[in-house]
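# Residue-level structure breakdown
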Amino acid sequence: MAPVTNGEASKPRKRIAVMTSGGDAPGMNGAVRAVVRMTLQENCEAYAVMEGYQGLVEGGDWIKQMEWADVRGWLSEGGTLIGTARCQDFRERPGRLRAAKNMIEKGINGLVICGGDGSLTGADTFRKEWPSLLSQLASSKEITAAEQEEYKFLNIVGLVGSIDNDFADTDATIGCYSSLGRICEAVDYIDATAFSHQRAFVIEVMGRHCGWLALMAGVSTGADYVFIPENPPPEDWEAHMCDIIKNHRALGKRKTIVIVAEGAHDRDLNKISPTKVKDLLSGPLKLDTRITTLGHVQRGGQACAYDRQMSTLQGVEAVRAVLDAKPGDASHFISVVENKIVRKPLLEAVATTQAVAEAIENKDFDKAVSLRGDEFKEYYDAYMTTTATEDAGQLLPESKRMNIGIIHVGAPAGGMNSATRSAVAYCLSRGHKPWAIHNGFPGLVRHHKDEPIGSVRLVDWLEVEGWISKGGSEIGTNRDLPSKVGLAETAACFKEWKIDGLFIIGGFEAYSALSEMRKGQAEHPPFRIPMVLLPATISNNVPGTEYSVGSDTCLNALVGYCDAIKQSASASRRRIFVVETQGGRSGYIATMAGLAIGALAVYTPEEGIDLAMLGRDIEHLRESFATDKGQTRGGKLILNSEHASATYTTQVIADMIKEESHGRFESRFAIPGHVQQGGTPSPMDRVRAVRLAVKCIQKLEGYADSDKTPEVQMKDEDTMSVIGITGASVVFNSMKRLEAEETDWKDRRPLNESWLAYKKIVDTLSGRPKPMDCC
Ligand code: ATP
């Protein structure tokens, strides 16, 4: 087929195809939308291969050219709209030969494949074989020598789309957090009935070779025991499990939840089935036990906010990777490490993924866990320390045990309780005393004898056990700073309660509180203790981290809200909603929600709003409605951060749009307000809260029984720090350095906000005109 050119006679325009393969995963549609639109924005042609590798093998109409409007509204659709299949033909060389011929026939020279480990293994095989496939096609005269030369390099890029999170070298696959969300939802429901009847439930979740879903379900629901293939339980697992469950019941727990991965086995690779577990629980432990197999519910339906953002960002990166690829370059896949999207070699990741399976087969379980990556190991360790609370082996010597104060400061955020629960459980497992400080700093200084339950008191495991899935703040939170309630009074309370380590959970107020106490150390000796802040705020505006606990819950609430109001316009299809988001003086929430819902425009405090911008956006809206042939499933959306402009308020913007539409479309404004705090914390906020909270207490206990006097400790800048995820790492940043170098105190946000680049992607994928386009 003759190459299409983009006007420059000698330069063929790239044709990039996207396909989804293997099991469907929530977020696949977001990836396809991003690949198609980014391809078109890069002045290339976009294609979709229908029904996975089957479409590639069949060719013809199974490979369809895609236009901008074809993917409208896809972000909020579950499954994959271009279809997927398990294709036997592609496993054999003749099938791959046909696929190669079909690609050349369509002139496709870049391929983005979104699928699981099998699909990407197939992609890797295809890439390796490509030169020999072309030679075979040329010698049988199915392609010309010129075509063989022109297509000699296959640019293939993988996107990992799978609910199992079973692919190596990436922390999360597209779809895994949506699936985890469904599991958590189900376990939360089961929890209520289990509690009522004092029952035990054995819940089987997907994961034949990978225990990520089971482990994370355990972490995020506070299950009593978890079985995963990578790290089977000890030889005497029956006794081990029964002891832990007996202990939890003896502590007063009324329910028991055991999570079993489909592929669970013992250390000799004998299957551990839900029935086997049930027999133990109902036999020796005499618990009324039921089995629930979650099955295909876990495939997830609509994607959660994280999967929509990730699939979009990764889809964009995949197109860039295809365009950047040089002849002879290895193929890449797009990975996420903590918060950073990176390209990684496909070949190595496929090999490592296969090595996990081999390690399990060879019963080398340490290797299997370590090949799954640091994050997996940390989650496993965090789970074990916070569930096996009676493991005396974990206790520290008396001299190293601390009085650890736990305080919530600022507005509530989803995951505050999850963090508190795991901090308490961790403290107890090590012999520290966890003191809950109720209602923030005002609660601390209020005299405890006047309080019916005491505003500072020890909490036990049973009390916090159910907090993992609770929204809000169980110990109460307050915005008032130590300076408001009195620095001297605050310090006196620390002394009275003999607090020798403080764990603060909260947002920018918590950050300010830590700063005040750090500055007050010279005058108030009780502040010369280690303190660590776990950022928890829906606004995600705390310096030193790119992620705050609660921000994901907020995004899910906001995305759900936007989906619902978009849907409400499905009858007229000619309505634009201007939705006001929270987030203080940070546009993070608006931008990330904009990525997740495909907003037409996002207004942020960082950028502000001006009349020319509104004019361009209204013009864009007119065009968008004019070219819409019914593809928009529901209305269109603009997101406006609450502090983007004092003049152009949400209502004013909506009114201006209405006025300027001249009756061609209508506009409405909507203010979700506190809905954005979310109810139940999202699984991501829960699991991250657990992991980060454990790290925080470990950081504090590093100062226990220190040879250093408080005065010397005070000079150690790291004694007061903020835990954060920055790029690909989890780090502790010294408060002193953050205050001086990274804080925009006036606007209450970090000086450099990592997500600002994502704003451009929202604009690019909505086709929003840039200022110069209109000049
Ligand atoms: P999931 O994680 O949801 O199971 P997956 O991509 O691992 O997704 P598979 O069924 O393993 O799902 O693979 C999907 C398709 O990829 C297969 O039907 C086959 O067409 C192709 N494929 C898988 N493994 C190979 C391989 N080794 N060689 C060639 N093609 C393969």
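Scroll up a little and you will see the structure.
Summary of the structure given here. As the structure is a computational prediction, the values presented were derived from the model and not from experiment.

Across the sheet, which stays open at both edges, the seven strands sit in the order 3-2-1-4-5-10-11 with mixed pairing between neighbours. In this open sheet, the two edge strands, each paired with only one partner strand, are strand 3 (63-66) and strand 11 (340-345). Taken pair by pair, the neighbouring strands of this sheet meet at an average axis angle of 25 degrees, ignoring direction.

Let us now look at the state of the cysteines. Following the criterion strictly, the structure yields zero disulfides and no others. Cys176 supplies the cysteine sulfur nearest to Cys210, a cysteine that is in no disulfide, at a spacing of 9.1 Å. For Cys210, a relative accessible area of 3% translates into the label buried. Free cysteine Cys304: the closest other cysteine sulfur is in Cys176, separated by 8.2 Å.

The subject of this paragraph is helix 22 (residues 611-627). Between its first and last C-alpha, helix 22 extends 25 Å over 17 residues, near the 24 Å set by a 1.5 Å rise per residue. The complete set of buried residues in helix 22 reads Met613, Leu614, Arg616, Asp617, Ile618, His620, Leu621, Arg622, Ser624 and Phe625. Along its buried surface, helix 22 packs onto strand 17 (575-581), strand 18 (601-603), strand 19 (636-641), helix 23 (650-661) and helix 27 (756-766).

Okay, the nonpolar core next. Counting 135 residues, the largest nonpolar core has Leu159, Tyr177, Trp212, Ile259, Phe503 and Leu639 as the members making the most contacts within it. Counting residues per element, this core draws most heavily on helix 24 (residues 683-701), which supplies ten residues. In terms of nonpolar packing, the next biggest core, distinct from the first, is built from 36 residues, Val49, Leu120, Ile156 and Phe167 among them.

On to the site of the ligand, then. In the region of the ligand, 18 residues are neighbours, and Arg86, Cys87, Asp117, Gly118 and Ser119 sit closest. Between the ligand and the protein, one listed contact pairs an oxygen atom with a backbone N or O atom of Gly116 at 3.0 Å. The contact in question runs from an oxygen atom of the ligand to an N or O atom on the side chain of Ser119, over 2.4 Å. A total of 620 Å² of accessible area belongs to the ligand in isolation, and the protein chains cover 85% of it. A molecule is said to occupy a pocket when more than half its atoms come within 2 Å of that pocket's grid points, and by this definition the ligand occupies the largest pocket. Looking at the shell around the ligand, the element that brings in the most residues is helix 4 (residues 117-139), giving five residues. Of the residues in the shell around the ligand, the class split is three nonpolar, nine polar and six charged.

Looking now at empty space enclosed by the protein. Applying the stated criterion to the full structure yields four cavities of 30 Å³ or more. Asn165, Phe167, Ala168, Asp169, Thr170, Asp171, Cys210, Trp212, Arg372, Glu375 and Phe376 are the residues that line the largest cavity. Residue composition of the lining of the largest cavity, by class: five nonpolar, two polar and four charged.

In this structure, the largest pocket occupies an estimated 1000 Å³ of space. Contributing to the lining of the largest pocket are 38 residues, with Arg86, Arg91, Asp117, Gly118 and Ser119 lying nearest its centre. Sorting elements by how many residues they give to the lining of the largest pocket places helix 4 first, with six residues. Among the residues making up the lining of the largest pocket, the classes are represented as nine nonpolar, 18 polar and eleven charged. In this structure, the second largest pocket spans a volume of roughly 580 Å³. Sort the elements by how many residues they give to the lining of the second largest pocket and helix 6 (residues 176-197) lands first, with eight residues. Partitioning the lining of the second largest pocket into residue classes produces ten nonpolar, ten polar and seven charged.

Packing of helix 10 (residues 305-324) against helix 27 leaves a shortest axis separation of 11 Å and a crossing angle of 80 degrees. By the criterion of interaxial angle, the relationship of helix 10 to helix 27 is roughly perpendicular. From helix 10, Thr312, Leu313, Val316 and Arg320 reach across to helix 27, where they touch Tyr758, Ile761 and Leu765.

Thresholds applied
- Residues numbered from 1 in each chain as written.
- Predicted model: local features only at pLDDT ≥ 70, side-chain atom pairs only at ≥ 80, totals over all residues.
- Heavy atoms only, no water.
- Pairing = 2+ DSSP bridges.
- Helix = DSSP H or I, 4+ residues; strand = E, 2+ residues; numbered from the N terminus.
- Axes fitted to C-alpha atoms, helices over the stretch in contact; angles between N-to-C directions.
- Disulfide = S-S within 2.5 Å.
- Buried < 20%, exposed > 50% of the residue type's maximum accessible area, 1.4 Å probe, protein only.
- Expected span 1.5 Å × (residues − 1).
- Contact = heavy atoms within 4.5 Å.
- Core = buried A, V, L, I, M, F, W, Y, C linked by side-chain atoms within 4.5 Å.
- Near = heavy atom within 4 Å.
- Polar contact = N/O pair within 3.5 Å; in protein donor to acceptor, adjacent residues only side chain to side chain.
- Areas by Shrake-Rupley, 256 points an atom, 1.4 Å probe, with all protein chains shown as cover.
- 1 Å grid on protein atoms, 1.4 Å probe; cavity = no way out; pocket = protein on both sides within 12 Å on 5 of 7 lines; lining within 4 Å.
- Sits in = over half its atoms within 2 Å of the grid points.
- Nonpolar A, V, L, I, M, F, W, Y, C, P; charged D, E, K, R; others polar.
- Points joined across faces, edges and corners; volume = space filled by probe spheres on them.
- Parallel < 35°, antiparallel > 145°, perpendicular 65-115°, else oblique.

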